[in-house]
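Chain by chain, the residues:
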Amino acid sequence: MNNYFTLIYLADELNATLQGAQFIQAVTYKKHIIELFFSRDETLHKLTFAGHPVRTACFLDPRVSWKKSNSVSFFPELEGEYVSGIEQTEGDRFIRIRFTEGDNELLLKLFSGKPNLFLIRNGLIDDAFKEPGHVTGQPAPEPREPSPAVFAETKGKLKKRVQRVFPLFPRNFIQDVIDHIGLMEDDEKSVADTFTKAELQLRQSPEPKILPDGRFTLLSSDFIDTSGAELFDSVNDAVRVAWFTGSRELRFEDRLKKLSSHLKNRLESLYRQSEAGDKAGKSLERAARYEELGHILVSHAHLPAEGEEQIELPDFYNDNKPVAIQLDPGMDLAANANRYFTKKKKAERSYESALEHAERVNDRISKLEKIKDRIADAKTISDLSEIEQDYGKLETYKSDGASEQPARPYKVVQAGKYEIWIGKNAKSNDVLLRDSHKDDIWLHARGVSGSHVLIRMNKMKSDPDKQLLERAASWAAWHSKGRGSEMCPVIWTRRKFVRKPKAAPAGAVLTDKENVILAEPRPLQPEAGNYA
């Protein structure tokens, strides 16, 4: 979905729709996904950029509503500007969105393990969707022209050789073409002719389609097996459908894998318990032997044995062969006999308890085996959700279906329209700092250890109002060792003035510029908002 030839046509379609459109807003409310909203001729358009390392894509989505709560805005500098053009960079997989005013442009990097969306100003990265603190101020990424090799100079398997000679060709379809045409390793001319023709077809007459296995391609039936493929008139529509379909399948596979693994581990544990229950008969054997030893001791109760730890007596249950019986030296033989009768009763109770437990375990195993059969037959997310619900009634299990994002390792509080983050510990403070933006407001109790507190500013340059600042400062004071003071000094500054020295311990930072506010330490109140 993000190969070179796809982006040629995708950029053309985006340009046809968005040229002259006004940039409204860019927001994210889900990991790896940012949505850019544009308005043209009183029509709202949404451009989705999926920056997942494995499933990278860009497409126009007809569903244009956006979530205003629990979302973060990006690139406020562009709001109100008009798009002058959208194009793909020659020879590389970048898409540029240019604007009519200033030297601003959005650069979409749709490849590598770190896809990203950059705001470029005067040739430098001014902001970014992902990890802005690591790239801001660096030169804008430059497209790199591929350097094709010559077949005669390549070595290795045919697929790798084709990849070097035709570096722009979609890699995930090289083997398909080789198999479909029946290309041979030693027939370099046929291989070169075939892939040259295939690239020409991709450039001149693309055929957007989704194959039965879910893959998107522009290749025709001359080069791959397209039987059962779903055809599209628009590259954008094909990319969008393929991405959403693939994302659903990926979520399904992830949830299926997690549930299957959890069930497998639980069944293995229950089977071990069941095997232990099968050995419960040994408790009954021990009970019988304890009773025999008790009777042997009773029959010799007249003998003195106090102070002895062991006595050897004839075993009339075993041809009067001598048997060594362990004793409690503080008891006589009659008391020791009662001790063995007590052990006999305990062993019998243990046997009965083991039988009851084995019955419960086997009943649980039977129910979970039925769940296992249902998992094997599950085809959709809906099927899986129903199974997860029933499984949750039997075992402690939390499905990933409720949320696609893992819980953040710091507290998230809503204060009016602002989101505020509060670290939980030293490592949490580091993660909070890493996830923040340069224009966020950072707070920390002065001179004492404590939590980092961050006011998310959504790129706003103006300082927060005094009431919000005092509120956040009171939380910073409370979550510090200055909590016991009536008033605690709290440092606040922009995140860009906070840096973490190399090799510094977790949570340790330095500030290059700071303001101080006196705050009364106050705990979080329920009305402050929701926690994440």
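The structure contained in this document is the topic of the report that follows.

1. Section: the overall build of the protein chain
Part 1 of the argument: Along the backbone of the protein chain there are 11 helices and 23 strands.
Part 2 of the argument: Taken over C-alpha atoms, the radius of gyration comes to 35 Å for the protein chain, far larger than the 24 Å a tight globule of 532 residues would show.
Part 3 of the argument: Across its three principal axes, the protein chain shows a C-alpha extent of roughly 110 × 80 × 45 Å.
Part 4 of the argument: Residue burial in the protein chain is summarised as follows: out of 532 residues, 43% are buried.
Part 5 of the argument: Counted over contacts in the protein chain with a minimum sequence separation of 6, partners at least 24 positions apart contribute 55%.
Part 6 of the argument: A total accessible area of about 28500 Å² is found for the protein chain, and carbon and sulfur atoms account for 48% of it.
Part 7 of the argument: Separation of charge centres in the protein chain, based on 80 positive and 81 negative side chains, amounts to 4 Å.

2. Side note on the sheet that holds strand 11 (residues 209-210)
Sheet strands line up and pair through hydrogen bonds in the backbone, either parallel or antiparallel.
Part 1 of the argument: With respect to topology, three strands assemble into an open sheet ordered 12-11-13, the strand pairing being antiparallel. Two strands bound the open sheet, and with one partner strand each, they are strand 12 (216-217) and strand 13 (230-231).
Part 2 of the argument: With two bridges connecting them, strand 11 and strand 13 associate as antiparallel partners. When the bridges of strand 13 are listed, Ile210 appears paired with Glu230.

3. What about the packing of helix 3 (residues 158-165) against helix 4 (residues 174-181)?
Part 1 of the argument: Across the interface, helix 3 lies against helix 4 with an axial gap of 10 Å and an inter-helix angle of 120°. Every pair of crossing elements has a handedness; the one defined by helix 3 and helix 4 is right-handed. Seen from helix 3, the contacting residues are Leu158, Lys159, Val162 and Gln163; seen from helix 4, they are Ile174, Gln175 and Ile178.
Part 2 of the argument: The residue makeup of the contact of helix 3 with helix 4, split by class, is four nonpolar, two polar and one charged.

4. Digging into the nonpolar core
Part 1 of the argument: The biggest cluster of nonpolar side chains holds 66 residues, and the ones touching the most others in it are Leu106, Phe169 and Phe195.
Part 2 of the argument: Tallying contributions element by element places helix 1 (residues 4-18) first for this core, with eight residues.
Part 3 of the argument: Once you skip the residues sitting within four places of it in the chain, Phe195 turns out to touch Val162, Phe166, Phe169, Ile174, Val177, Ile178 and Leu183.
Part 4 of the argument: Among the nonpolar cores identified, the runner-up in size contains 24 residues, and Ala445, Ala472, Ala476 and Ala519 belong to it.

5. Concerning helix 10 (residues 426-435)
Structurally, the α-helix is built with 3.6 residues per turn, so residues lying three or four positions apart point the same way.
Part 1 of the argument: Looking at helix 10, one finds that the buried residues are Ser428, Asn429, Val431, Leu432 and Leu433.
Part 2 of the argument: Looking at the buried positions of helix 10, the neighbouring elements they touch are strand 16 (410-415), strand 17 (418-423), strand 18 (441-445), strand 19 (453-455) and strand 21 (498-499).
Part 3 of the argument: With a side-chain oxygen lying 3.2 Å from the backbone nitrogen of Lys427, the N-terminal cap of helix 10 falls on Asn425.

6. Considerations on the packing of aromatic side chains
Part 1 of the argument: Taken as a whole and judged by the stated rule, the model has 15 aromatic pairs.
Part 2 of the argument: Ring centres of Phe74 and Phe129 lie 5.6 Å apart, and the angle between their planes is 75°; on these two criteria the pair is classed as edge-to-face. Of the two residues, Phe74 is situated in strand 5 (residues 72-74) and Phe129 in the loop between strand 10 (124-128) and helix 2 (132-135); the sequence distance between them amounts to 55 residues. For the pair formed by Phe74 and Phe129, the shared burial category is buried.
Part 3 of the argument: Measuring from centroid to centroid gives 6.2 Å for Tyr290 and Tyr340, while their planes differ by 50°, and the two rings are tilted. Taken as a pair, Tyr290 in helix 7 (residues 281-299) and Tyr340 in helix 8 (residues 333-377) lie far apart in primary sequence, 50 residues in all. Note on accessibility: Tyr290 and Tyr340 belong to one class, buried.
Part 4 of the argument: Here the basic side chain of Arg63 rests over the ring of Phe244, its NZ or CZ set 4.5 Å away from the ring centre.
Part 5 of the argument: Sitting above the plane of the Tyr397 ring, Lys258 keeps its charged end 5.3 Å from the centroid.

7. Concerning the sheet that holds strand 5
Part 1 of the argument: Read across the sheet, five strands follow the order 4-3-2-1-5 without closing on themselves; strand pairing throughout is antiparallel. Either end of the sheet is taken by a strand with one partner, and the two such strands are strand 4 (56-61) and strand 5. Averaged over all pairs of adjacent strands, the angle between strand axes in this sheet comes to 25°, irrespective of strand direction.
Part 2 of the argument: As judged from the eight bridges shared by strand 2 (residues 33-40) and strand 3 (residues 43-51), these two strands associate in the antiparallel manner. In the sheet register, Ile33 faces strand 3, and the bridge partner there is Ala50.
Part 3 of the argument: Contacting strand 2, strand 3 and strand 4, helix 1 crosses the sheet at an angle of about 30° to strand 4.

8. Regarding helix 9 (residues 381-394)
Part 1 of the argument: Compared with an ideal rise of 1.5 Å per residue, which puts 14 residues at 20 Å, helix 9 spans 20 Å between its outermost C-alpha atoms and is within 8% of the ideal.
Part 2 of the argument: Those residues of helix 9 lying buried are Leu384, Ile387, Glu388 and Tyr391. Along the axis of helix 9, the buried positions cluster into a sector of 105°, meaning they face one direction only. In this structure, helix 9 carries Ser382, Gln389 and Lys393 as exposed residues pointing more than 90 degrees from its buried face.

9. Here we look at the packing of helix 1 against helix 5 (residues 188-204)
Working note: a packed helix pair is described by the angle between its axes plus the distance between those axes.
Part 1 of the argument: Packing of helix 1 against helix 5 leaves a shortest axis separation of 9 Å and a crossing angle of 15°. If you check the angle between helix 1 and helix 5, you find them roughly parallel. Helix-helix and strand crossings are classified by hand; for helix 1 and helix 5 the assignment is right-handed. Counting all contacts with helix 1, which are made through Tyr4, Phe5, Ile8 and Tyr9, the residues of helix 5 involved are Glu199, Leu202, Arg203 and Gln204.
Part 2 of the argument: Among the residues forming the contact of helix 1 with helix 5, the class breakdown is five nonpolar, one polar and two charged.

Cut-off values and rules
- Residues numbered from 1 in each chain as written.
- Predicted model: local features only at pLDDT ≥ 70, side-chain atom pairs only at ≥ 80, totals over all residues.
- Heavy atoms only, no water.
- Helix = DSSP H or I, 4+ residues; strand = E, 2+ residues; numbered from the N terminus.
- Rg over C-alpha atoms; globule rule 2.2 N^0.38 Å.
- Buried < 20%, exposed > 50% of the residue type's maximum accessible area, 1.4 Å probe, protein only.
- Contact = heavy atoms within 4.5 Å.
- Areas by Shrake-Rupley, 256 points an atom, 1.4 Å probe, with all protein chains shown as cover.
- Lys, Arg positive; Asp, Glu negative; His and termini not counted.
- Charge placed at Lys NZ, Arg CZ, Asp CG, Glu CD.
- Pairing = 2+ DSSP bridges.
- Axes fitted to C-alpha atoms, helices over the stretch in contact; angles between N-to-C directions.
- Left-handed = near helix turned anticlockwise from the far one by under 90°.
- Nonpolar A, V, L, I, M, F, W, Y, C, P; charged D, E, K, R; others polar.
- Core = buried A, V, L, I, M, F, W, Y, C linked by side-chain atoms within 4.5 Å.
- Polar contact = N/O pair within 3.5 Å; in protein donor to acceptor, adjacent residues only side chain to side chain.
- Phe/Tyr/Trp six-rings, centres within 6.5 Å; stacked < 30°, edge-to-face > 60°.
- Lys NZ or Arg CZ within 6 Å of the ring centre and 35° of its normal.
- Expected span 1.5 Å × (residues − 1).
- Arc of directions from axis to C-beta.
- Parallel < 35°, antiparallel > 145°, perpendicular 65-115°, else oblique.

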